[in-house]
Amino acid sequence: MHGVDDPFYVDRYQAKFWAMPGMRIQEGLTVDKELREGGEMPFGNCTFFEFKTVARPEGILRLDREGGIMIACDSLQNWLNLINSSMKKQSLRWKK
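Remember, it's a predicted structure, so these values are computed and weren't measured experimentally.

**Considering the pattern of salt bridges**
Side-chain pairing between opposite charges can occur once the charged atoms of the two side chains come close. A full pass over the atoms with the stated rule returns 5 salt bridges. As a salt-bridge pair, E40 and K33 come within 3.3 Å of each other at their nearest N and O atoms. Since its relative accessible area comes to 48%, E40 is described here as partly exposed. Look at K33 and you get partly exposed, because its relative accessible area is 25%. Across the pair E37 and K52 runs a salt bridge, and its minimum N-O distance is 3.5 Å. Here K52 lies in the loop between β3 (46-50) and β4 (59-63) and E37 lies in the loop between β2 (33-34) and β3, a separation of 15 residues in the sequence. The exposure class assigned to E37 is partly exposed, which follows from its relative accessible area of 39%. Each of the salt bridges in this network shares a partner with another, and the network as a whole consists of E37, E50 and K52.

**Topic: the sheet that holds β3**
Spatially, β3-β4-β5 is the arrangement adopted by the 3 strands of the open sheet, whose pairing is antiparallel. In this open sheet, the two strands that pair with only one neighbour each are β3 and β5 (69-71). With strand direction ignored, the average angle separating the axes of adjacent strands in the sheet is 25 degrees. Across 3 bridges, the pairing between β4 and β5 is antiparallel. Opposite R62, over in β5, you have M70 as the bridge partner.

**Some remarks on the pairing of β4**
Of all the 5 residues making up β4, 4 are buried; the element is thus mostly covered by neighbouring parts of the structure. What sits between β4 and β5 in their antiparallel hairpin is a turn of 5 residues, with E66 showing a positive phi close to 50 degrees.

**Notes on the confidence of the model for the chain**
When pLDDT is averaged along the chain, the result is 82, and 74% of the positions lie at 70 or above. Per-residue pLDDT, averaged within each element of the chain, yields its smallest value for helix α2 (residues 87-93) (54) and its largest for β2 (96).

**Considering the nonpolar core**
In this structure, M20, L35, M41, C46, F48, L61 and L63 together form the largest nonpolar core, which totals 7 residues. Those residues within four positions of M41 in sequence are excluded, and the remaining contacts are W18, L35, R36, C46, T47, F48 and L61.

Scoring rules and cut-offs
Residues numbered from 1 in each chain as written. Predicted model: local features only at pLDDT ≥ 70, side-chain atom pairs only at ≥ 80, totals over all residues. Heavy atoms only, no water. Salt bridge = Lys/Arg side-chain N within 4 Å of Asp/Glu carboxyl O. Buried < 20%, exposed > 50% of the residue type's maximum accessible area, 1.4 Å probe, protein only. Helix = DSSP H or I, 4+ residues; strand = E, 2+ residues; numbered from the N terminus. Pairing = 2+ DSSP bridges. Axes fitted to C-alpha atoms, helices over the stretch in contact; angles between N-to-C directions. pLDDT = per-residue confidence, 0-100. Core = buried A, V, L, I, M, F, W, Y, C linked by side-chain atoms within 4.5 Å. Contact = heavy atoms within 4.5 Å.

Right under this line is the structure:
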């Protein structure tokens, strides 16, 4: 379900599509800009953090205002193993 609504927003608002290198994206989309630590950001006063211990590319944008505002995907999960997850979650996690 990750990114399923991306084509809608790109089409409706003519938005630039930002994604991390290696991210799976919806068919028909192309990445306009890559999100990388130390790279260009979608707006000013912003930095990017990339999780290094995940199976799929994941990161957080940090806005440098109001003491710092973190923006992450609603399904962000940084698990090193599946010991404490249910069998259903384990099967969904490894489905291709």
